[in-house]
Amino acid sequence: MNNTIEPTPSPTTRVAIRLRAVEKTFGKGESAVRALRGVDLEVPIGELTMLVGPSGCGKTTLISILAGLLSRDRGELSVFGQDLGALRRDQLSAWRRENVGFIFQQFNLVPQLTVAENVSVPLVLKGESVSAAVKKAGELLATLGLEGRSKSAPLKLSGGQQQRVAIARALIHEPRLLVCDEPTSALDAELGRRVMTLIRDRSHQRDRAVVVVTHDDRIFHLADTIAHMDDGLIIRSERPTRTTVAGHGPLH
Ligand SMILES: Nc1ncnc2c1ncn2[C@@H]1O[C@H](COP(=O)(O)OP(=O)(O)O)[C@@H](O)[C@H]1O
Ligand SMILES: [Mg+2]
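Worth saying up front: this structure is predicted, and the values here are computed from it rather than measured.

Caption draft 1: Looking closely at the overall build of the protein. Broken down by element type, the protein carries six helices and ten strands. Here the protein has a C-alpha radius of gyration of 19 Å; the compact-globule value for 252 residues is 18 Å, and the two agree. Dimensions along the principal axes, computed over C-alpha positions, put the protein at roughly 65 × 50 × 40 Å. By residue count, 39% of the 252 residues in the protein fall in the buried class. Put simply, of all contacts in the protein between residues at least 6 apart along the chain, 66% involve residues at least 24 apart.

Caption draft 2: Inspection of the sheet that holds strand E5 (residues 82-83) at higher detail. Spatially, the four strands line up as an open sheet ordered E2-E1-E4-E5, and their pairing is antiparallel. The strands lining the two open edges of the sheet, one partner per strand, are strand E2 (33-44) and E5. Bridge count between strand E1 (residues 15-26) and E2: nine bridges; the pairing is antiparallel. Along E2, the bridge assignment pairs isoleucine 17 with valine 43. Of the strands in this sheet, E1, E2 and strand E4 (74-79) are in contact with helix H1 (residues 59-66), which crosses E1 at around 125°.

Caption draft 3: The site of ligand 1, seen in detail. All residues in the neighbourhood of ligand 1 are listed as Phe26, Gly27, Val33, Ala35, Ser55, Gly56, Cys57, Gly58, Lys59, Thr60 and Thr61. Of all the elements in the fold, those that place two or more residues in the shell around ligand 1 are E2 and H1. A per-element tally of the shell around ligand 1 places H1 first, with three residues. Here the residues of the shell around ligand 1 are counted per class, giving four nonpolar, six polar and one charged.

Caption draft 4: Representation of the sheet that holds strand E8 (residues 209-213). Spatial strand order, E6-E7-E8-E3-E9-E10: six strands in an open sheet with mixed pairing. Edge strands, defined here as strands with exactly one partner in the open sheet, are strand E6 (100-103) and strand E10 (233-238). For this sheet, the mean angle separating the axes of adjacent strands, direction not counted, is 15°. Here five bridges tie strand E9 (residues 225-230) to E10, and the two strands are oriented antiparallel to one another. Within E10, the position partnered with alanine 227 by the bridge is serine 237. Relative to the sheet, helix H5 (residues 159-171) contacts E6 and strand E7 (177-181), its axis offset from that of E6 by approximately 170°.

Caption draft 5: Expanded view of the packing of helix H3 (residues 115-125) against helix H4 (residues 130-143). Packing of H3 against H4 leaves a shortest axis separation of 8 Å and a crossing angle of 120°. The orientation of H3 with respect to H4, classified from their angle, is oblique. Crossing angle aside, the handedness with which H3 passes H4 is right-handed. Only Val130, Ala133, Val134, Lys136, Ala137, Gly138, Leu140 and Leu141 of H4 make contact with H3, whose side of the interface consists of Val115, Ala116, Glu117, Val119, Ser120, Leu123 and Val124. Its residues placed into classes, the contact of H3 with H4 shows eleven nonpolar, two polar and two charged.

Caption draft 6: Local environment of the pairing of E7. Counting buried positions along E7 yields five of five residues, so the element is predominantly enclosed. What you see with E7 is no split at all: Leu177, Val179 and Asp181 on one side and Leu178 and Cys180 on the other are buried throughout. Bridge count between E6 and E7: four bridges; the pairing is parallel. Note on E7: the bridge partner recorded for glycine 101 is leucine 178.

Caption draft 7: Quick look at the pairing of E4. Direction of pairing for E1 relative to E4: antiparallel, over a ladder of five bridges. When the bridges of E4 are listed, glutamate 23 appears paired with arginine 74. Here two bridges tie E4 to E5, and the two strands are oriented antiparallel to one another. By the bridge assignment for E5, serine 78 is matched with aspartate 83.

Caption draft 8: Broad picture of the nonpolar core. Leu66, Ala168, Val179 and Val211 are the most contacted members of the largest nonpolar core, which has 63 residues in total. With six residues, the top contributor of residues to this core is H5. Beyond its immediate stretch of four places on either side in the chain, alanine 168 contacts Val119, Ala137, Leu140, Leu141 and Leu144.

Caption draft 9: Layout of H4. Compared with the 20 Å implied by 1.5 Å per residue over 14 residues, the 20 Å span of H4 between its first and last C-alpha is a close match. Among the residues making up H4, those that are buried are Ala133, Val134, Ala137, Gly138 and Leu141. For H4, the angular spread of buried residues about the axis comes to 140°, placing them on one side. Just past H4, the residue glycine 145 takes up positive phi, approximately 75°.

Rules behind the numbers
- In this numbering scheme, every chain counts its residues from 1 along its sequence in written order.
- Chains and ligands are labelled sequentially in the order written, the chains with letters from A and the ligands with numbers from 1.
- Given that this is a predicted model, residues contribute local features only at a pLDDT of at least 70 and side-chain atom pairs are listed and counted only at 80 or more, while totals for whole chains, interfaces and linings are drawn from all residues.
- To qualify as a helix, a DSSP run of H or I must reach at least 4 residues; to qualify as a strand, a run of E must reach at least 2; elements of each kind are numbered from the N terminus.
- To get the radius of gyration, use the C-alpha atoms; to get the globule rule, take the number of residues to the power 0.38 and multiply by 2.2 Å.
- Our exposure labels follow a C-beta count within 10 Å of each residue's own C-beta, placed from the backbone: buried means 20 or more other C-beta atoms, exposed means 12 or fewer, and partly exposed covers the counts in between.
- What counts as a contact is two residues whose backbone-derived C-beta atoms lie within 7 Å of each other.
- Being paired, for any two strands, means DSSP has found at least two bridges between them.
- Geometry is summarised by axes, namely lines fitted to C-alpha atoms with helices restricted to the contacting stretch, and by angles between N-to-C directions that run from 0 to 180 degrees.
- For each residue, a C-beta position is placed from the backbone atoms; the residue is near a molecule or strand when that point lies within 6 Å of it.
- Nonpolar residues are Ala, Val, Leu, Ile, Met, Phe, Trp, Tyr, Cys and Pro. Charged residues are Asp, Glu, Lys and Arg, and all others, Gly as well, are polar.
- Orientation labels follow simple angle bins: below 35 degrees gives roughly parallel, above 145 gives roughly antiparallel, 65 to 115 gives roughly perpendicular, and whatever is left gives oblique.
- By definition, any crossing whose near helix is turned counterclockwise from its far helix by less than a right angle is left-handed, and any crossing with a clockwise turn is right-handed.
- Each nonpolar core consists of buried Ala, Val, Leu, Ile, Met, Phe, Trp, Tyr and Cys residues. Their C-beta atoms, within 7 Å, join them into a set.
- A helix is expected to span 1.5 Å for every residue after the first.
- Read the arc as the range of directions from the helix axis to the C-beta atoms.

Here you go:
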């Protein structure tokens, strides 16, 4: 063993996602909607970042852009050091398959596939055999309270059950970036807590990051950072778990 002194950790948090002046407009001319009007945001590595704001303020647009599902019109975006704008279309889908889990607001389950097959898709796309992937899917579904549902058709399930299938599908390949659009909207308090604890545990790992869009004030306390959005802009960020209950104590 040598006596090397460990360097003091850098006070600057490592950043998973960095957006600078990102703009997005849908449509043209009189019907154009400026959904993002110059968004600046940094999402730290190893943390859970929540994005909150009124309906229509641009939350889904923003997370679709940072997950590589939608292109931006202007501004800079890097995700784990990768400039997504520099990738060709095929490279971008490969990058997404490798790095991103996305829970859609409307779940987007494939009706023709069983529940377990839906969940296994990201593993199969990464080259795992269908039988191994479906087995892993069944195990993850059981931890989300969906044992015995693997062979069901997704549309036969309740909204809350479908939401958990969508959550399992986003988690199964252990993506570096997990992006969730209202992941607890169809869940009762106990299930919402279980799901968010699972999601939060995944975020607190090296080289991971999680972004959750939510209106659900029952889960705000689980956030490391809450970014508030309004009218196409991030207007303020706070770090609720780093302050005392009164909200003005020292950082720890
Ligand atoms: N594909 C689209 N085409 C046209 N307008 C869109 C599209 N997607 C979103 N918008 C508009 O962009 C704005 C922001 O939408 P969205 O990002 O879905 O907001 P939020 O998720 O915060 O409710 C809204 O005015 C919405 O109507
Ligand atoms: Mg939305």
